[in-house]
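# Results of the structural survey
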Amino acid sequence: NPELVKDLIRRCIIRNDYMRKMINDLLDLTRIESGQKVRNITDVDLREIAQRAIETNLIEAQKRNITITLHADGPVNIKADAGEMEIILNNLISNGVKYNKDNGKVDIYLSRENDKVIIKVADTGIGMTPEECSKLFRDFARIRNKKTENILGSGLGLSTVKKLAQIYNGDVSVHSIPDEGSTFTVEIKDYEEKSTQPT
């Protein structure tokens, strides 16, 4: 049956994508936690990184008619490793798309307030309960319910975002309402080699 074969191939491709994402997430986490990662600290404009992350997630968004919009009044610079900023933005934007509803929106807000850079990613997705939010930033944490049963993920993306935020003397938080959406806020500072960083 050609339809059955097509369906099996489609499932294999989905599983393959999932395994690739899991391996990449594990590699990111291992590099960060080992303390052996060599950081290339430069003056990074987060708008450029966000734009790349949007382009990476555009095909998935377009399939479901999800609009992704970047809001930034001008350059938003931070002394950071560009690859690590890409991990943060890519995770937040891909989740904004993945856990959204068809015809939904993902809005990315970038700003600088004194010595802090603030990244906000808001979606119009399935949202979460306070209890689900409280478990979100742990390693391998996945929200399992009827609305997420067909969404693949490693459960490592947000714990990696949190660990990176802490390396940049910051943190990540979430505000969410079930069936209305979620807003993730990352606050970080310029990277300091000798700052007191979590071990």
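As the structure is a computational prediction, the values presented were derived from the model and not from experiment. (Residues numbered from 1 in each chain as written. Predicted model: local features only at pLDDT ≥ 70, side-chain atom pairs only at ≥ 80, totals over all residues. Heavy atoms only, no water.)

What follows covers helix H2 (residues 46-63). Helical periodicity: at 3.6 residues per turn, an α-helix aligns residues three or four positions apart in one direction. For H2, built from 18 residues, the straight-helix expectation of 26 Å at 1.5 Å per residue is met to within 8% by its first-to-last C-alpha distance of 26 Å. Where H2 bends most, the angle comes to about 50°, and this point is Asn-57. Here H2 has its buried residues at Leu-46, Ile-49, Ala-50, Ala-53, Ile-54, Asn-57 and Ala-61. Close packing links the buried residues of H2 with strand S1 (41-45), strand S2 (67-71), strand S3 (77-81), helix H3 (82-98), strand S4 (105-113) and strand S5 (116-123). One or two steps after H2, the chain reaches Asn-65, where phi turns positive at roughly 55°. (Helix = DSSP H or I, 4+ residues; strand = E, 2+ residues; numbered from the N terminus. Expected span 1.5 Å × (residues − 1). Bend = angle between axes of the 7 residues up to and from the residue. Buried < 20%, exposed > 50% of the residue type's maximum accessible area, 1.4 Å probe, protein only. Contact = heavy atoms within 4.5 Å.)

For the protein, mean pLDDT is 83; residues scoring 70 or higher make up 75% of the total. In the predicted structure, residues 195-199 sits below a pLDDT of 50 and forms six contacts with residues beyond four places in sequence or in another chain. (pLDDT = per-residue confidence, 0-100.)

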